[in-house]
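Spelled out from the first residue to the last, the chains are:
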Amino acid sequence: MLEDPVVQEILMDITDDEKNSFSIIECIMNGKTSDEEISDETQIKLNVVRKVLYKLYDAGVASYKRTKDPETKWEVYSWKFDQNKVSEIISKKYEDLSKKIEKSIKYEEENIFFACKSNGHRYKFENASENNFVCPECGETLEYVDNSTVIVELLGDKARCMSMGKYKRI
Ligand SMILES: [Zn+2]
């Protein structure tokens, strides 16, 4: 699951520290669950381990249980990584993204566009018409733009997003 580039991207979003979070999570999944054990095992400084763990906790993908060490009587935090939650976050992210793309598709479909021949800036029909089809920035003529390829591309993006969101990562 950690090999999945989409998962790695999410961990990067959450921790800003993809490499360390990868090692730390791997360590937890292999049964080393206290911050000190993780630090020993991964050779990552204890304060960095803790920082990453709390960022994961904050995002809801890691949780901990406090137990008392029977010998030292010290409190030990034993960490757990929640893969389901990562899948949830990924689904949500791509759901949001495909909604945004859906909006762009609507915008493209519902409007007619004109663009400046020199700077390529696009104007909606209403604005182009108000300016007598002359670019308000540089005075060049505005020409009709066929946006059908843009729409096709957006539809492709949306389909990719939806399949990414539905993909189960466990
Ligand atoms: Zn222009």
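Student: What is the right way to read unusual backbone geometry from this model?
Tutor: Excluding glycine, a negative phi dihedral is what most residues carry, and trans is how most peptide bonds are arranged. Despite not being glycine, asparagine 132 shows a phi value in the positive range, around 50°. By the secondary structure assignment, asparagine 132 is in the loop between helix H6 (125-130) and strand E5 (142-145). Here phenylalanine 133, not a glycine, exhibits a phi torsion of approximately 60°, which is positive. Along the chain, phenylalanine 133 turns up in the loop between H6 and E5.

Student: I would appreciate a short explanation of the pairing of strand E3 (residues 113-116) in the present structure.
Tutor: Two faces make up the sheet, and in a regular strand the side chains alternate between them. Of the two faces of E3, only the one carrying Phe114 and Cys116 is buried; Phe113 and Ala115 on the other face are not. Bridge count for E3 against strand E4 (residues 122-124) is three bridges, and the pairing is antiparallel. Looking at the pairing, alanine 115 lines up with arginine 122 of E4. Hairpin connection of E3 to E4: five residues between the antiparallel strands, including glycine 120 at a positive phi of 75°. Relative to E5, E3 runs antiparallel, the two sharing four bridges.

Student: Where do I start with the nonpolar core in this structure?
Tutor: Across soluble globular proteins, you tend to see nonpolar side chains buried next to one another. Ile24, Ile28, Val49, Leu53, Leu56, Val61 and Ala62 are the most contacted members of the largest nonpolar core, which totals 23 residues. Of all elements in the fold, only helix H1 (5-15), helix H2 (18-29), helix H4 (46-58), strand E2 (75-81), helix H5 (83-110) and helix H7 (148-166) reach the threshold of two or more residues within this core. Residue-level mapping places this core at the junction of two domains, with at least three residues from each of domain 1 (5-81) and domain 2 (92-166). Among all residues touching leucine 56, those that are not within four sequence positions of it are Ile14, Thr15, Ser21, Val61 and Ala62. Counting residues in each nonpolar core, the second largest holds six residues, with Phe114, Tyr123, Cys135 and Leu142 among its members.

Student: Teacher, can you tell me more about the domain arrangement of the protein chain here?
Tutor: By a frequent convention, interface size equals the accessible area lost on bringing the separate parts together. Along its sequence, the protein chain is organised into domain 1 (5-81) and domain 2 (92-166). Between the C-alpha centres of domain 1 and domain 2 there is a distance of 44 Å.

Student: Honestly, the sheet that holds E3 in this entry has me stumped. Any pointers?
Tutor: The pairing of strands in a sheet happens through backbone hydrogen bonds and is either parallel or antiparallel. Pairing within the open sheet is antiparallel, and its three strands lie in the order E4-E3-E5. At either end of the open sheet lies a strand with only one pairing partner, and these are E4 and E5. Strand-to-strand twist in this sheet, taken as the mean axis angle between neighbours without regard to direction, amounts to 40°.

Calculation notes
Residues numbered from 1 in each chain as written. Predicted model: local features only at pLDDT ≥ 70, side-chain atom pairs only at ≥ 80, totals over all residues. Helix = DSSP H or I, 4+ residues; strand = E, 2+ residues; numbered from the N terminus. Buried ≥ 20, exposed ≤ 12 C-beta atoms within 10 Å, placed from the backbone. Pairing = 2+ DSSP bridges. Core = buried A, V, L, I, M, F, W, Y, C linked by C-beta atoms within 7 Å. Domains from an automatic or database assignment. Contact = placed C-beta atoms within 7 Å. Axes fitted to C-alpha atoms, helices over the stretch in contact; angles between N-to-C directions.

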